[in-house]
Amino acid sequence: MKRIYMDYSATTPVDKEVIDEMAPYFGKYFGNPSSIHSFGRDAYDAIEKSRSKIADILNADADEIIFTSGGTESDNLGIMGVAYLNKDKRKRKGNNIITSSIEHPAVLETCKYLEKQGFNIKYLPVDKYGLIRIEDLEEAISKDTFLITIMYANNEIGTIEPINEIGKIANKYDVLFHTDGVQAVCKTPIDVKKLNIDLLSISSHKIYGPKGVGALYIRKGVKIRSLTHGGGQEKGLRSSTYNTTGIVGLGKACELGKIRLKEDMSQLKYLRDELIKNTLKIELSYLNGHPIKRLVNNANFCFEAIEGESLNMMLDEKGIASATGSACSSKNLQASHVLTAIGLNPEKAHGSLRLTLGRENTERDIKYIDNVLPDVVENLRKLSPLWDR
Ligand SMILES: Cc1ncc(COP(=O)(O)O)c(C=O)c1O
């Protein structure tokens, strides 16, 4: 059976060139980058080259990049690192953080954790497209606010937040600005200097790099407190022996991402728009997220009277790997917090389908989906008690 992968926002395959770049660091260059002998220096050099490549895609400087184990750790380190230092040093009086209601759990759960420790978190609502309103942000800022953490682009519905305006507001009120860039990096050009971003999280496995490695951009002069205690790697901010192979892979993935950005963006946008155009021909189907301010590879739909999990399973039987906004908790099937935040009722929110494209997708894949999806939706609707036609 034909198999089509359309879940690139969950993870991507590792690029062949990335694998080739990583391979020598498992064996020949196995040294510990912190060792002073030549084995160590070989690995250290590779780490520093990678750091430069990551900095390069953000218009940052190499010494502003800290390696982590992935997007989740980068979010935790960025947010808690700033929060704890703020608390410890009483640099500012306040303890308020502003975030949005549609963040990834890596940010939301971190904020909830901080809330339990006495920080005040303001969760900004979003409009029907998933955009925060700049007026809401400005209104939420008080003299006690020390951090804004708002994602660059949403992982479910693909909406790209008004990062430029958020950066300006953060700058105006002298508040630090962290953004979760996990879904945006290598899918849109990012210039941390122009955008006034102080901290930005990256994950390697979303950009054709290996899993289990990521990075945090920390603007020069921004102080954070380490969450790990140990050997003092990464200027004491992230102790643990370097994941040399992973870091080399992430660096190569960024280098390729930069070279291919324009081509990737136009190809993905073309395929995404075809996919959206075809799919919206299905009766009572809707696009979730902003029609224009959205990631080039994201299409997220709702189908009336359809349950997203069943749709995923039926598509999987036809060889199509997709995702849904619903998350299965241990006791009940919860509607996605993102889809409910954009105003969908729980029934609609349960009927969502996320198709996220990547470099390997072709026009034939889009055609195949166009052949398969309408029938799958129709068959599911016939079985649905909510479908009364
Ligand atoms: C927006 C966003 N932030 C953070 C993460 C977590 O990244 P990682 O899997 O590298 O921990 C993800 C992963 O899906 C994501 O989409």
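In this text the structure is predicted, and so the values were computed from the model without any measurement.

1. Here we look at the packing of helix H7 (residues 244–279) against helix H11 (residues 363–383)
At step 1: Between H7 and H11, whose axes approach to 10 Å, the crossing angle comes to 15°. In terms of axis orientation, H7 runs roughly parallel to H11. Where H7 crosses over H11, the handedness of that crossing is right-handed. Residue-level contacts link Tyr270, Leu271, Glu274, Leu275, Asn278 and Thr279 of H7 to Glu363, Ile366, Ile369, Asp370 and Leu373 of H11.
At step 2: When the residues that make up the contact of H7 with H11 are grouped by side-chain class, the tally is 6 nonpolar, 2 polar and 3 charged.

2. Comments concerning the sheet that holds strand E9 (residues 285–287)
At step 1: Reading across from one edge, E9-E10-E14 is the order of the 3 strands in this open sheet, with antiparallel pairing throughout. The open sheet is flanked by E9 and strand E14 (352–356), the only strands paired with a single partner. Between one strand axis and the next, the sheet turns through 25° on average, direction left out of account.
At step 2: Where strand E10 (residues 298–303) lies against E14, 5 bridges are found, and the strand directions are antiparallel. Paired with Ala299 across the bridge in E14 is Leu355.
At step 3: Strand contacts of H7: E9, E10 and E14, with the helix running at about 10° to E10, the strand carrying the most contacts.

3. Looking at the environment of Ile79
At step 1: Tracing the backbone shows Ile79 in helix H3 (residues 71–89).
At step 2: Sequence separation between Ile79 and Lys16 is 63 residues; the distance between their C-alpha atoms is 34 Å.
At step 3: Those residues in contact with Ile79 that lie beyond four places of it in its chain are Val107, Thr110, Leu114, Leu147, Thr149 and His178.

4. Quick look at the domain arrangement of the protein chain
At step 1: Annotation of the protein chain at the domain level lists domain 1 (4–11 + 261–383) and domain 2 (16–257).
At step 2: One C-alpha centre belongs to domain 1, the other to domain 2; they are set 28 Å apart.
At step 3: Buried area between domain 1 and domain 2, summed over both chains or domains, comes out near 2500 Å², and the portion from carbon and sulfur atoms is 57%.
At step 4: Applying the counting rule to domain 1 against domain 2 returns 16 residue pairs in polar contact (both at pLDDT 80 or more).
At step 5: Sorting the residues of the side of domain 1 that touches domain 2 by element identifies H7, E10 and helix H9 (337–341) as the ones contributing at least two each.
At step 6: Broken down by element, the residue count for the side of domain 1 that touches domain 2 peaks at 4 residues, all from H9.
At step 7: Residues that form the side of domain 1 that touches domain 2 fall into these classes: 11 nonpolar, 12 polar and 5 charged.

Calculation rules
- Residues numbered from 1 in each chain as written.
- Predicted model: local features only at pLDDT ≥ 70, side-chain atom pairs only at ≥ 80, totals over all residues.
- Heavy atoms only, no water.
- Axes fitted to C-alpha atoms, helices over the stretch in contact; angles between N-to-C directions.
- Helix = DSSP H or I, 4+ residues; strand = E, 2+ residues; numbered from the N terminus.
- Parallel < 35°, antiparallel > 145°, perpendicular 65-115°, else oblique.
- Left-handed = near helix turned anticlockwise from the far one by under 90°.
- Contact = heavy atoms within 4.5 Å.
- Nonpolar A, V, L, I, M, F, W, Y, C, P; charged D, E, K, R; others polar.
- Pairing = 2+ DSSP bridges.
- Domains from an automatic or database assignment.
- Buried area = accessible area lost by both parts, 1.4 Å probe.
- Polar contact = N/O pair within 3.5 Å; in protein donor to acceptor, adjacent residues only side chain to side chain.

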